[in-house]
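Each chain, letter by letter, is given below.
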Amino acid sequence: MTINNETTESSSINSSFEIGLRALTILAVTSPVSLDLQRLIYYDYLVIHTKDVGAVDSPPSLHPDTPHRSGGIIVRRKAMQKGLELMYSKSLINIIFDEKGISYSASELTKPFLDLFESTYSKKLQNNALWVVGYFSGYSEEEMKFFIERNIDNWGGEFMYEAFVRGGIE
């Protein structure tokens, strides 16, 4: 969000660049397995909001539990696509085209690139990604979708219905 030509923190938290970095972290954890766009979107949300999973052993969420936060699942698609395009343009991910469709995987540069980040946030991000991938890796696409749909209202999902009515879903 830009106010008087100043960028607020919220835009940097969910910019295409940061979403792309989170996708890199997720893909590094799942390597050599590739993920499709929808699974990356789900994992991205859950890595940020691990407490929303409802598991006793989930690590702390990276971002605060704000109202309407589940709307991020709905509006994140374009930003995730742009983030993945950016990471691909730097050879940090691979794009796989096969009979299942389009998926993404870590490249040989992903891990060395991520190793350059030493912040507390990046360490927590990696820890949360490891936990989310471990927790959900056995879920089929249908089970993952069902989990999200069953819980989205608990995560401030009233925004989702407003977006449907107003046509704000991209």
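Note that the structure is predicted; figures quoted are calculated from it, not measured. (Residues numbered from 1 in each chain as written. Predicted model: local features only at pLDDT ≥ 70, side-chain atom pairs only at ≥ 80, totals over all residues. Heavy atoms only, no water.)

Asks: An account of the overall build of the protein is needed here, citing residue identities and associated values.
Replies: Scanning the protein from N- to C-terminus turns up eight helices and four strands. Of the regular secondary structure in the protein, the N- to C-terminal order runs β-β-α-α-α-α-β-β-α-α-α-α. Taken over 170 residues, the protein has a buried fraction of 42%. Taking the intrachain contacts of the protein between residues at least 6 apart in sequence as the baseline, contacts between residues at least 24 apart amount to 68%. Here the protein has roughly 9,700 Å² of accessible surface; of this, 55% comes from carbon and sulfur atoms. (Helix = DSSP H or I, 4+ residues; strand = E, 2+ residues; numbered from the N terminus. Buried < 20%, exposed > 50% of the residue type's maximum accessible area, 1.4 Å probe, protein only. Contact = heavy atoms within 4.5 Å. Areas by Shrake-Rupley, 256 points an atom, 1.4 Å probe, with all protein chains shown as cover.)

Asks: Could you give me a rundown of the packing of aromatic side chains, with the residues and numbers involved?
Replies: For the structure shown, the criterion picks out seven aromatic pairs. Where phenylalanine 113 meets phenylalanine 117, the ring centres are 5.3 Å apart and the plane angle is 75 degrees; that geometry is what we call edge-to-face. Here phenylalanine 113 falls in the partly exposed class, since its relative accessible area comes to 25%. We classify phenylalanine 117 as partly exposed; its relative accessible area is 34%. (Phe/Tyr/Trp six-rings, centres within 6.5 Å; stacked < 30°, edge-to-face > 60°.)

Asks: I'd love a proper account of the layout of surface pockets, names of residues and values included.
Replies: Taken as a whole, the second largest pocket holds about 370 Å³ of empty space. Looking at the second largest pocket, it is lined by 19 residues, and the ones nearest its centre are Thr25, Leu114, Phe117, Ser122 and Leu125. If you list the elements that add at least two residues to the lining of the second largest pocket, you get α2 (16–30), α5 (110–114) and α6 (120–136). The element best represented in the lining of the second largest pocket is α2, accounting for seven residues. (1 Å grid on protein atoms, 1.4 Å probe; cavity = no way out; pocket = protein on both sides within 12 Å on 5 of 7 lines; lining within 4 Å. Points joined across faces, edges and corners; volume = space filled by probe spheres on them.)

Asks: So what's going on with the side chain of serine 107? Which residues, and what values?
Replies: Looking at the secondary structure, you find serine 107 in the loop between β4 (101–106) and α5. Side-chain polar atoms of serine 107 contact the backbone nitrogen of leucine 109, separated by 3.1 Å. Residues contacting serine 107, with those up to four places away along its chain left out, are Ser91, Leu92, Ile93 and Asn94. (Polar contact = N/O pair within 3.5 Å; in protein donor to acceptor, adjacent residues only side chain to side chain.)

Asks: Go over unusual backbone geometry with me, naming the residues and quoting the values.
Replies: Each neighbour pair has its own omega, and for serine 31 with proline 32 the value is 10 degrees, a cis peptide bond. Within the chain, serine 91 stands out as a residue other than glycine whose phi angle is a positive 60 degrees. Secondary-structure assignment places serine 91 in the loop between α4 (71–89) and β3 (93–98).

Asks: I'd love a proper account of the side chain of threonine 30, names of residues and values included.
Replies: When you line up the elements, threonine 30 lands in helix α2. Of note is the side chain of threonine 30, whose polar atom sits 3.3 Å from the backbone oxygen of leucine 27. If we skip the residues at most four places from it in the chain, threonine 30 touches Leu35 and Val133.

Asks: Tell me about the packing of helix α3 (residues 37–48) against α6, and name the residues and values.
Replies: Running from N to C, α3 and α6 point in directions that differ by 125 degrees, and their axes come no closer than 9 Å. Between α3 and α6, the angle falls in the class oblique. Crossing hand, α3 versus α6: right-handed. Here α3 contributes Arg39, Tyr43, Leu46 and Val47 to the contact with α6, which in turn contributes Leu125, Asn128, Ala129, Val132, Val133 and Phe136. (Axes fitted to C-alpha atoms, helices over the stretch in contact; angles between N-to-C directions. Parallel < 35°, antiparallel > 145°, perpendicular 65-115°, else oblique. Left-handed = near helix turned anticlockwise from the far one by under 90°.)

Asks: So, the environment of isoleucine 93: which residues are in play, and what are the values?
Replies: Within the fold, isoleucine 93 resides in strand β3. As for isoleucine 93 and alanine 28, which are separated by 65 residues in sequence, their C-alpha atoms are 9.3 Å apart. Excluding anything up to four places from it in sequence, isoleucine 93 contacts Leu24, Leu27, Leu84, Met87, Tyr88, Tyr104, Ser105, Ser107 and Thr110.

Asks: Explain the nonpolar core to me, using residue names and the numbers behind them.
Replies: Judged by nonpolar contacts, the single largest core of 36 residues is most densely connected at Ile26, Leu40, Tyr43, Leu46, Met80, Leu84 and Phe136. Contributions of two or more residues to this core are made by α2, α3, α4, β4, α6 and α7 (141–151). The contacts of methionine 80, once residues within four sequence positions are left out, are Ile19, Ala23, Leu37, Leu40, Ile41 and Asp44. (Core = buried A, V, L, I, M, F, W, Y, C linked by side-chain atoms within 4.5 Å.)

Taken by themselves, the reported measurements are silent on function.
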